[in-house]
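Residue-level listing of the chains:
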Amino acid sequence: MNAKVWLVGAGPGDPELLTLKAVRALREADVVLIDDLVNDAVLEHCNNARIIPVGKRGGCRSTPQAFIHRLMLRYARQGKCVVRLKGGDPCIFGRGGEEAQWLRERGVEVELVNGITAGLAGATQCDISLTLRGVARGVTLVTAHTQDGSSLNWKALAQSGTTLVIYMGVAKLSEIREELLAGGMAADTPVAMIENASLPHQRECRSDLTAMEEDAWAFELKSPAILVIGAVAASSEISGLSTDIRAYGL
Ligand code: SAH
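Residues numbered from 1 in each chain as written. Predicted model: local features only at pLDDT ≥ 70, side-chain atom pairs only at ≥ 80, totals over all residues. Heavy atoms only, no water.

1. Quick look at the pattern of salt bridges
And then number 1: Considering all chains together, one arrives at 13 salt bridges under this definition.
And then number 2: The residue K4 makes a salt bridge to E111 at a minimum N-O spacing of 2.8 Å. Of this pair, K4 sits in strand 1 (residues 4–9) while E111 is found in strand 5 (residues 109–113), placing the two residues 107 residues apart along the sequence.
And then number 3: Between K21 and E111 there is a salt bridge, with its nearest N and O atoms 3.3 Å apart. Of the two residues, K21 is situated in helix 1 (residues 20–28) and E111 in strand 5; the sequence distance between them amounts to 90 residues.
And then number 4: Look at K21 and you get partly exposed, because its relative accessible area is 37%.
And then number 5: Through salt bridges with shared partners, a single network forms among K4, K21, E109 and E111. (Salt bridge = Lys/Arg side-chain N within 4 Å of Asp/Glu carboxyl O. Helix = DSSP H or I, 4+ residues; strand = E, 2+ residues; numbered from the N terminus. Buried < 20%, exposed > 50% of the residue type's maximum accessible area, 1.4 Å probe, protein only.)

2. As for helix 3 (residues 96–105)
And then number 1: Of the residues making up helix 3, those classed as buried are G96, E99, A100, W102 and L103. All buried residues of helix 3 project into a common sector of 165 degrees when viewed along the axis, lining one side.
And then number 2: Residues of helix 3 that are buried sit in contact with strand 1, helix 2 (65–77), strand 4 (82–86) and strand 5.
And then number 3: Just beyond helix 3, the residue with positive phi is G107, at close to 80 degrees. (Arc of directions from axis to C-beta. Contact = heavy atoms within 4.5 Å.)

It is worth stressing that arrangement in space is one thing and function is another; only the former is reported here.
Structure follows, in structure tokens:
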């Protein structure tokens, strides 16, 4: 039997946003290695799979990546149906690419299954259209967090004319604000900060580039949250409203 691992996106939190393919993989799974941003509710689709949590948040040390790699390999070589379940999409800031490569180099078949990434879900839940004719001609997904300390080309981002969707930005609000202002982005550019997107306790804070740090602080914005920066974050553009909804929360 061929060793195989499914790298599956569990979506942003709402279990109904799971794909049918993800459900099929979970049904067939013998072993599920699950990240901590995954809503446990999706595990209801499993049939007697062994569930192994492999992520920790909030300042705790994560399960070392090398250990996760070895676990997947071991179970796959035993002929087990292995599902590696990740929050959102496995290949958007999810290490799906590197895990797939590592496994394939060892002769393991890998099947990637998309999930709805948090940035897309968060925007939609707040009626924000990330691209909008005449307003935003594109969207850029970036992370404010780098392991090697390298920096983004903030000036290029500030002047790209695309909607910016920033992951892992809660602890970097000050830097994001400073860099985008220095890069030439307008001070009144609208910002939406969306915490726990698609979950019942989702919260949304509308602000602008100048005030985002202060507003997030007053709102007590916590991770996981995404930031949407750009003209489309101003108002319910989808429904054609032009009201300024710079309100705290919903
Ligand atoms: N692969 C995931 C992203 C993992 S990186 C995806 O595609 O969504 C972790 C970051 O994702 C968090 O710091 C946060 O910025 C974002 N995130 C994940 N789930 C979220 C949620 N439900 N609401 C808001 N942001 C979320």
